[in-house]
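What the coordinates show
If you want the building blocks of each chain, they are given just below.
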Amino acid sequence: MKNKQKAKFSFGAYLSFFTRFPIPWWLFLLSLLLGFANTEVVLAVSNYLIRINKGELYNGVIIGYALMNVFNALLSMLINLTGGYGSALVTLRARKLLWRKILHLPMREVERRQPSALISGLVNDITQASLVVQMAFNTIVSLYSFFRCCWEMYRFDGTLSLYMLLLLPIAVLVFALVGHLQYQMMLRRYDSLNVMTTFFSEHISAAKHVKAQAMEDLEVTEGLKAIDSRYKADLYYAFMVAVQMLSNSLYNTIGTIVIALCGSDLIRQGKMPETGINDFSTYKGRVDQYTAEVLTHYQTLKGTQGALQYVGVLLDGPEEDPQAGDPLPDKQTAQDIRLERVSFGYIPQQPVLHDLSFTIPHGKVTAIIGNNGSGKSTLLKLLQGIYAPDSGRIWLGSTPVDESKPCELRRQFGYILQNNPLFSGSVRDNIAYGETGSADQRRVEQAARLADADSFIRQLPNGYDTDVGAAGALLSGGQRQRIAIARALYIRPAYLLMDEAGASLDHRSDAAIFRTVREELKGHTIIVVAHDMRTVMDADLIVVLNHGELEATGTHDELLAASPTYRDYLKKQGFALPGEEAAK
Ligand SMILES: Nc1ncnc2c1ncn2[C@@H]1O[C@H](COP(=O)(O)OP(=O)(O)OP(=O)(O)O)[C@@H](O)[C@H]1O
């Protein structure tokens, strides 16, 4: 499990996993009762068979034998049906629970666990949950059947049954050994499946980049390693199945020899009829069958404990409740954002932002600049409460961000990134993403016009109904960006965050769209992260970050005097500084 975190998952936690979602007990109980009934039918079949073997070929016996076989077939079908239906429901409910949990994981957890590992948990691991419930019930039925058959066997011939007891330690030893190996085998198959899922989900979705870097050959080799590890696990599985069959045959052979030796002795002593060995073997066959079933169920349960470890630990982990916290007061738009000694690091002991204190005025445009990695994007994530500061506080007016309802807080923000994720679905749905009701076509078109997207959308095969493809793959980078800008304009957020939002647009479009956004959202707070100083200079307030520290804040004129970094940026982009000649 290369990308999955190994964490402690006790047997108690394993059991508590099954209290987290409703299990359709009635279906499994029905399956259990049908299983008990089927054991009786199976025993009746054995009794009829023994009578037929004895030559009791009466109509009643033959009809009884046939009827019991039909019952056996019907009951088996019903057991499969109820068990299968119950299992499908368990998988459905466990998967829904996990999906909800994944969407409510704090961002740090999402990053720590890696998206591909989460996908594999949701697609593969969770299917084991239904197996556990079914196996638990099957074990009860198999145990019942085992003891019931032992009793019938004992009633048929107590002495020979006691000889069979001598075989019990061998059976336990052989099955325990094979069981342990099977458990290992299941874990190995499971891990290799997860490694493959993780690898392929990452690399197939990044196929464009693999091609662009001409890395196909290398990635093919890496993919083959993942395929190979599954192949080895399959070989190991095939080997284990063969070993299991061999041990079963050996065990049966030893049983047959013991029955033959002891049975013939009993026949010689006249304590058993001549057909006794054959009849006794019928019961012994059933006992062996249920012994194997009990052990197989046990091994499967052990195997699923390993497989459910990842999702169990995940479900036990932290969760973010979007509804928890204080509602935002009305008129939140008319509030400044205030940072009070804010520090933050993704990794403990590695701070990205250091002790930041400044105010972002409401209704104005604030630009944030700084070198690569100085923490500009991180700061925007903190403002929306996606991450919490390690120390210090952020205020929206008089409301601390960490105490507000995350869902209300985040709906105040529009967030345009350099590369915005679109979702498969129509252009309209993507622009109106964030709308809880149905999309308002008039507002969608208006937002698209402002983002200069309306004309190209109308040229698409189905206009606003055109499917953008997975992650917007059927559109160009610039088209995706315009749709993302239209999305932000559609919701008309109180705070608009633009993180290098114009980077994939040509400069004239970038400037024109930015102008439109400013005019359209006049009175709203706009925070822009940009490297292009033409966008920055006009801002009402400019914040200069230097390696995560606040170097200066002020207007263009103020920073010319106060910030060497600001002056440096202007110079590098060819702007004339007061008293100097323009570089271009
Ligand atoms: N999810 C993350 N996990 C760990 N470290 C991260 C994560 N995101 C960013 N960082 C680190 O935090 C630092 C600040 O990153 P951030 O993206 O905020 O910088 P930035 O100023 O926006 O940079 P750029 O101008 O290059 O976009 C970087 O050193 C980066 O490696």
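Conventions adopted
Residues numbered from 1 in each chain as written. Predicted model: local features only at pLDDT ≥ 70, side-chain atom pairs only at ≥ 80, totals over all residues. Heavy atoms only, no water. UniProt positions renumbered as here; feature names shortened; annotations may be inferred. Pairing = 2+ DSSP bridges. Helix = DSSP H or I, 4+ residues; strand = E, 2+ residues; numbered from the N terminus. 1 Å grid on protein atoms, 1.4 Å probe; cavity = no way out; pocket = protein on both sides within 12 Å on 5 of 7 lines; lining within 4 Å. Points joined across faces, edges and corners; volume = space filled by probe spheres on them. Nonpolar A, V, L, I, M, F, W, Y, C, P; charged D, E, K, R; others polar. Domains from an automatic or database assignment. Core = buried A, V, L, I, M, F, W, Y, C linked by side-chain atoms within 4.5 Å. Buried < 20%, exposed > 50% of the residue type's maximum accessible area, 1.4 Å probe, protein only. Contact = heavy atoms within 4.5 Å. Near = heavy atom within 4 Å. Polar contact = N/O pair within 3.5 Å; in protein donor to acceptor, adjacent residues only side chain to side chain. Areas by Shrake-Rupley, 256 points an atom, 1.4 Å probe, with all protein chains shown as cover. Axes fitted to C-alpha atoms, helices over the stretch in contact; angles between N-to-C directions. Parallel < 35°, antiparallel > 145°, perpendicular 65-115°, else oblique. Left-handed = near helix turned anticlockwise from the far one by under 90°. Phe/Tyr/Trp six-rings, centres within 6.5 Å; stacked < 30°, edge-to-face > 60°. Lys NZ or Arg CZ within 6 Å of the ring centre and 35° of its normal.

Per an unreviewed UniProt entry, the protein goes by the name ABC transporter ATP-binding protein and belongs to Allofournierella massiliensis. Entered under Subcellular location (unreviewed entry) in the UniProt record, the comment concerning the protein runs "Cell membrane".

The next point concerns the sheet that holds strand S4 (residues 391–396). Within a beta sheet, neighbouring strands are joined by backbone hydrogen bonds and run either parallel or antiparallel to one another. Pairing in this open sheet of 4 strands is antiparallel, and the strands run S2-S1-S4-S5 from one edge to the other. On the outer flanks of this sheet lie strand S2 (353–360) and strand S5 (399–400), each paired with one strand and no other.

This part takes up the layout of surface pockets. Of the volumes computed, that of the largest pocket is approximately 2,200 Å³. The greatest single-element share of the lining of the largest pocket, amounting to 5 residues, is contributed by helix H17 (residues 477–491). Classifying every residue of the lining of the largest pocket by side-chain character gives 29 nonpolar, 9 polar and 9 charged. Roughly 510 Å³ of volume is contained in the second largest pocket. Along the walls of the second largest pocket sit 17 residues, with Ser-205, Lys-208, His-209, Ala-471 and Arg-480 positioned nearest its centre. Among the elements of the structure, helix H7 (158–205), helix H8 (207–212) and H17 are those that each provide at least two residues to the lining of the second largest pocket. Taken together, the residues that form the lining of the second largest pocket break down as 7 nonpolar, 8 polar and 2 charged. Split by domain, the lining of the second largest pocket shows at least three residues from each of two domains, domain 1 (11–316) and domain 3 (423–492).

What follows covers the nonpolar core. Ranked by size, the top nonpolar core spans 49 residues in total, and within it Ile-431, Met-498, Val-517, Ile-542 and Tyr-566 carry the most contacts. For this core, the element with the most residues is H17, which contributes 7 residues. Here this core spans two domains, since at least three of its residues come from each of domain 2 (333–412 + 495–584) and domain 3 (423–492). In contact with Ile-542, other than residues within four places in its own chain, are Ala-367, Ile-369, Val-536, Met-537, Ala-552, Thr-553, Gly-554, Thr-555, His-556, Leu-559 and Tyr-566.

Within the structure, the ligand sits among 13 residues, and Asn-372, Gly-373, Lys-376, Ser-377 and Thr-378 are positioned closest to it. Tyr-346 is positioned such that a nitrogen or oxygen atom in its side chain is 3.5 Å from a nitrogen atom of the ligand. Here an oxygen atom of the ligand and a side-chain polar atom of Thr-378 are 2.4 Å apart. Here the ligand has 640 Å² of accessible area as a free molecule, and 63% of this is covered by the chains. It is helix H12 (residues 376–383) that contributes the most residues to the shell around the ligand, 3 residues altogether. Residues of the shell around the ligand, tallied by class, amount to 2 nonpolar, 8 polar and 3 charged.

The next point concerns the domain arrangement of the protein. Once the domains are mapped, the protein shows domain 1 (11–316), domain 2 (333–412 + 495–584) and domain 3 (423–492). When each unit is reduced to the centre of its C-alpha atoms, the spacing between domain 1 and domain 3 is 51 Å.

Let us look at the sheet that holds strand S6 (residues 413–416). The sheet built from 6 strands is open, its strands ordered S6-S7-S8-S3-S9-S10 with mixed pairing. Lying at the two open borders of the sheet, with one neighbouring strand each, are S6 and strand S10 (549–554). In this sheet, adjacent strand axes meet at a mean angle of 15° when their direction is disregarded. Lying on the sheet, H17 is in contact with S6 and strand S7 (495–499); it crosses S6 at an angle near 175°.

In contact at an axis separation of 10 Å, helix H2 (residues 25–53) and helix H6 (residues 128–156) are set at 25° when each is read in the N-to-C sense. On the basis of the axis angle, H2 is roughly parallel to H6. With respect to the hand of their crossing, H2 and H6 are arranged in right-handed fashion. The segment H2 lies against H6, with Trp-25, Phe-28, Leu-29, Leu-32, Gly-35, Phe-36, Thr-39, Glu-40 and Leu-43 engaging Val-133, Gln-134, Phe-137, Ile-140, Val-141, Tyr-144, Ser-145, Arg-148, Cys-149 and Glu-152.

Our focus in this paragraph is the packing of aromatic side chains. Counted under the stated rule, the structure contains 15 aromatic pairs. Centre to centre, the rings of Phe-28 and Phe-137 are 5.3 Å apart; their planes meet at 20°, and the pair counts as stacked. Of this pair, Phe-28 sits in helix H2 while Phe-137 sits in helix H6, placing them 109 residues apart in sequence. In terms of burial, Phe-28 and Phe-137 fall into one category: buried. Each ring, one from Phe-344 and one from Tyr-387, has its centre 5.4 Å from the other, and the planes form 50°; the classification is tilted. Here Tyr-387 lies in the loop between H12 and S4 and Phe-344 lies in strand S1 (residues 337–344), a separation of 43 residues in the sequence. Taking relative accessible area as the criterion, Phe-344 reaches 0% and is therefore assigned buried. An aromatic cluster of three or more residues is present, and its members are Phe-17, Phe-18 and Phe-21. Over the face of the ring belonging to Tyr-237 we find Arg-189, whose NZ or CZ atom lies 4.0 Å from the ring centre.

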